[in-house]
Amino acid sequence: MKVPDNILFSIFQEQDARIRKNLSDKTLEISTGRKYQGISEDPPATYNVLDLKKEIAQLSQYSKNRLFADTSLSYIDLNLGKIEDSLNLLYAKTVQTKNQILQPNQLVAIGELFSSTLRSLLDRANDQLGGNYIFGGASLTQKPFDENTLEYKASKESFKVWLSDNYKVDALLRGDETFGLNVSISNAKFSSPDTNFTTGGTLNIKVGATNISIIYSNTQSLKDLVDVINSNYSNLLSAKVSQNPDGTYSLMLVPVDVSKDISVSGTGDFSTGFYSPNVLQAVKRVGDKLSGAMYPDDSDLMLLQRAFERVSFRRSQVGSLLSHVKNIQPVQESLEDTLNKQKSDIEDADLSQSIMDYTRYKLAYEALMRIIADQKDMSILRYLK
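Structural notes, computed from the coordinates. (Residues numbered from 1 in each chain as written. Predicted model: local features only at pLDDT ≥ 70, side-chain atom pairs only at ≥ 80, totals over all residues. Heavy atoms only, no water.)

**Some remarks on the sheet that holds strand β10 (residues 262–266)**
- If you walk across this open sheet you meet the three strands as β7-β6-β10, and the pairing is antiparallel. The open sheet has two free edges, formed respectively by β7 (210–216) and β10, since each of these has just one partner strand. Between one strand and the next, the sheet's axes are offset by a mean angle of 15 degrees, whatever the strand orientation.
- Across five bridges, strand β6 (residues 201–207) lies against β10 in antiparallel orientation. (Pairing = 2+ DSSP bridges. Helix = DSSP H or I, 4+ residues; strand = E, 2+ residues; numbered from the N terminus. Axes fitted to C-alpha atoms, helices over the stretch in contact; angles between N-to-C directions.)

**A short note on the pattern of salt bridges**
- Per the stated rule, a full pass over the model turns up 16 salt bridges.
- A salt bridge links aspartate 176 to arginine 174, with the nearest nitrogen and oxygen atoms 2.8 Å apart.
- Residue classification places arginine 174 among the partly exposed residues on the basis of a relative accessible area of 22%. (Salt bridge = Lys/Arg side-chain N within 4 Å of Asp/Glu carboxyl O. Buried < 20%, exposed > 50% of the residue type's maximum accessible area, 1.4 Å probe, protein only.)

**Considering the packing of helix α3 (residues 104–125) against helix α6 (residues 279–291)**
- Contact geometry of α3 with α6 gives a least axis separation of 7 Å together with a crossing angle of 160 degrees. Considered as vectors, α3 and α6 are oriented roughly antiparallel to each other. Our pair here, α3 against α6, has a crossing hand that is left-handed. Contacts from Leu107, Val108, Ile110, Gly111, Glu112, Phe114, Ser115, Leu118, Leu121, Leu122 and Ala125 in α3 reach Leu280, Val283, Lys284, Val286, Gly287, Leu290 and Ser291 in α6.
- Among the residues forming the contact of α3 with α6, the class breakdown is 12 nonpolar, four polar and two charged. (Parallel < 35°, antiparallel > 145°, perpendicular 65-115°, else oblique. Left-handed = near helix turned anticlockwise from the far one by under 90°. Contact = heavy atoms within 4.5 Å. Nonpolar A, V, L, I, M, F, W, Y, C, P; charged D, E, K, R; others polar.)

**Focus: the packing of aromatic side chains**
- Under the counting rule described, the total for this entry stands at 10 aromatic pairs.
- Plain terms: the ring middles of phenylalanine 197 and phenylalanine 270 are 5.6 Å apart, the flat faces sit at 70 degrees to each other, and that makes the pair edge-to-face. Residue phenylalanine 197 is located in the loop between β5 (184–186) and β6, and its partner phenylalanine 270 is located in the loop between β10 and β11 (274–275); the two are separated by 73 residues in the primary sequence. (Phe/Tyr/Trp six-rings, centres within 6.5 Å; stacked < 30°, edge-to-face > 60°.)

**Let's talk about the sheet that holds β5**
- Here four strands make up an open sheet; going across it, the order is β8-β9-β5-β11 and the pairing antiparallel. Sheet topology places β8 (237–243) and β11 at the edges, where each strand pairs with a single neighbour.
- Pairing of β5 with β11, which is carried by two bridges, proceeds in the antiparallel orientation. Paired with isoleucine 185 across the strands is tyrosine 275, a residue of β11.
- In this fold helix α5 (residues 222–232) packs onto β8 and β9 (249–255), with an angle of close to 165 degrees to the strand it touches most, β8.
- α6 rests against β5, β8, β9 and β11 of the sheet, and its axis sits at about 35 degrees to β8.

**Some words on α6**
- With 13 residues, α6 extends 18 Å between its outermost C-alpha atoms, agreeing within 8% with the 18 Å of an ideal straight helix rising 1.5 Å per residue.
- Within the sequence span of α6, burial applies to Val279, Leu280, Ala282, Val283, Arg285, Val286, Gly287, Lys289 and Leu290.
- Backbone nitrogen of leucine 280 and a side-chain oxygen of the N-cap are separated by 3.0 Å at the start of α6; the cap is asparagine 278.
- Just downstream of α6 lies alanine 293, where phi reads positive at about 60 degrees. (Expected span 1.5 Å × (residues − 1). Polar contact = N/O pair within 3.5 Å; in protein donor to acceptor, adjacent residues only side chain to side chain.)

**Section: the pairing of strand β3 (residues 159–164)**
- Judged from the five bridges that link them, β3 and strand β4 (residues 167–172) form a sheet pairing that is antiparallel. By the bridge assignment, phenylalanine 159 is partnered in β4 with leucine 172.
- Linking β3 back to β4 in an antiparallel pair, the connection comprises two residues.

What follows is the structure in structure tokens.
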């Protein structure tokens, strides 16, 4: 039975449209490298790709944060290492001058060394990386230390960056914390360490989580109080009679543990309170004494030693942070590879398979043309005419 021409043409049109669409889809797939060209083709797969792209973008930001933290912490570590070297030199010079065999002019010369080194230390404490102050914390562009008072003026919070959804790390440090000393010096000054106190009272000392209360009387002197503290609390702190640059004397208290904070308040002669110098102010204190041709004492050695210890302590913390930051790099890179592979598996076309499919559809189209030609002994173009 002969197939009517209109039915044959209808079949040809349907097959022709289907094969042409397949050819067009595969051509686009090969040229773009993508399996899907729009959400409508496979909504679940497309939404999965969008989610993966969001995760990859977030991971990319975390990687940039890690690189920033790595760079800044490495630079901070370098700076702290240089500061350690300077403090070591100053400590050695102080030991040299403490034996009281140097002449006054020699003391003044070493005082000049302290002054020049202090300027160098101040430059490092106010150093910048990429326009941001490395010891200014979250202030970023606020100079950390005042050039005259040497007091910290910037943020009381460190600048943190996120390295994952639930972990952030300090990238720019607080200068008050980095260069702060756990040393307390009395504001009260005495003309002599052997002169009795005018008014008795109480010292309230907190070292870490431990509270100490010391009662003193007007029959005791600064030297007597130092002896009492060292005799009873040497496991927690050390007390020294400290000569000030103006020649008067104060009480200096330093915890044994370099990591423990100290706070002191008092009544009686010590009601004026205590202050804690930072590293820069500690260097200036000793330097001022030398510049005034005064010999340093044991308290000066203890002060500089604690300055070195605190900087070393902070540097060890930075080193620990830096090590952790560097260890995150392979984890991030591995996760990035995994996410990209998942995205590729969903989104990217299998080019070899796509080319095979294209070839198959092309052959199918040519076969269809031959079938029509065999059936009607004419091409589709002649048929349309």
